[in-house]
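Chain and residue survey
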Amino acid sequence: MSTSLLFDHFKNTSFIAKKDGKIAGFLIGFLSQTSGRPYIHFVRVHPDYRKQGIGKQLYNEFFHIVKKNGRNIVRCVTLPVNKVSIAIHKKMGFEIEKNGDTEMDGASVYADYDGPNQDRVLFVKKLI
């Protein structure tokens, strides 16, 4: 699947941040039609543009769309070994969902969440 097709499919809930004519970061999210849960699938900020508030801006754009659609909870997941992602999500106000199968470095981990040996840390954020 091409990147442009992916963004076309999620065009109302995904965002690209540009700086100096270059892509500085992006967020791909969606409002689940089956569960009704807004979900952030993928976020990246180019290393040259980190610590400039771009990620926060992308998240806030998604949060705005979530609220605009009458929803107030956002979910996302990350790998238990991705300490940077865990720290960023906590800083953004996400809470780690409890009741996983195990714990790693203080984080509740859901074993085999995305398939065999695909453990994940689950996050939830309630929007005000």
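As shown above, the structure is provided for reference.
For the structure given in this document, a descriptive report is provided here. Keep in mind the model is a prediction, meaning the values are calculated, not measured. (Residues numbered from 1 in each chain as written. Predicted model: local features only at pLDDT ≥ 70, side-chain atom pairs only at ≥ 80, totals over all residues. Heavy atoms only, no water.)

Description of the packing of aromatic side chains
Summed over all chains, the structure comprises six aromatic pairs. Between Phe26 and Phe42, the ring centres sit 5.5 Å apart and the planes meet at 35°, which makes this aromatic pair tilted. With Phe26 in strand β2 (residues 22-31) and Phe42 in strand β3 (residues 38-45), the pair connects residues that are 16 residues apart, well separated along the chain. Between Phe63 and Phe94, the aromatic rings sit 6.1 Å apart at their centres with planes inclined by 50°, giving tilted as the arrangement. Of this pair, Phe63 sits in helix α2 (residues 54-68) while Phe94 sits in the loop between α3 (83-91) and β5 (95-96), and the two are 31 residues apart along the sequence. Here Phe63 and Phe94 have matching classes, each one buried. Aromatic rings pair up to connect Tyr59, Phe63, Phe94 and Phe123 into one cluster. (Phe/Tyr/Trp six-rings, centres within 6.5 Å; stacked < 30°, edge-to-face > 60°. Helix = DSSP H or I, 4+ residues; strand = E, 2+ residues; numbered from the N terminus. Buried < 20%, exposed > 50% of the residue type's maximum accessible area, 1.4 Å probe, protein only.)

Observations regarding α2
Along its 15 residues, α2 runs 21 Å from first to last C-alpha, staying within 8% of the 21 Å computed at 1.5 Å per residue. Turning to α2, its buried residues number three or more, namely Ile54, Gly55, Leu58, Tyr59, Phe62, Phe63, Ile65 and Val66. Contacts from the buried residues of α2 go to β1 (14-19), β2, β3, β4 (73-78), α3 and β8 (121-126). The positive-phi residue at the C-terminal boundary of α2 is Gly70, with phi of around 75°. (Expected span 1.5 Å × (residues − 1). Contact = heavy atoms within 4.5 Å.)

Thoughts on the nonpolar core
Ranked by size, the top nonpolar core spans 27 residues in total, and within it Leu27, Ile40, Tyr59, Phe62, Phe63, Val74 and Phe94 carry the most contacts. Top element by residues in this core is α2. It accounts for seven residues. Excluding residues within four positions of it along the chain, Phe63 makes contact with Ile40, Val74, Met92, Phe94, Lys125 and Leu127. (Core = buried A, V, L, I, M, F, W, Y, C linked by side-chain atoms within 4.5 Å.)

Re the side chain of Arg120
For Arg120, the position within the fold is in the loop between β7 (107-109) and β8. Overall, Arg120 belongs to the buried group, its relative accessible area being 12%. Non-local contacts of Arg120, meaning those with residues more than four positions away in its chain, are made with Val77, Thr78, Leu79, Pro80, Ser108, Val109, Tyr110, Tyr113 and Asp114.

Quick look at α3
For α3, the full list of buried residues reads Ser85, Ile86 and His89. What you see down the axis of α3 is that its buried residues fit within an arc of 100°, all on one side. Relative to its buried face, α3 has exposed residues pointing more than 90 degrees away, namely Val84 and Lys91. The inward-facing, buried residues of α3 abut α2, β4, β5 and β8. Phi turns positive, to about 95°, at Gly93, one or two residues after α3. (Arc of directions from axis to C-beta.)

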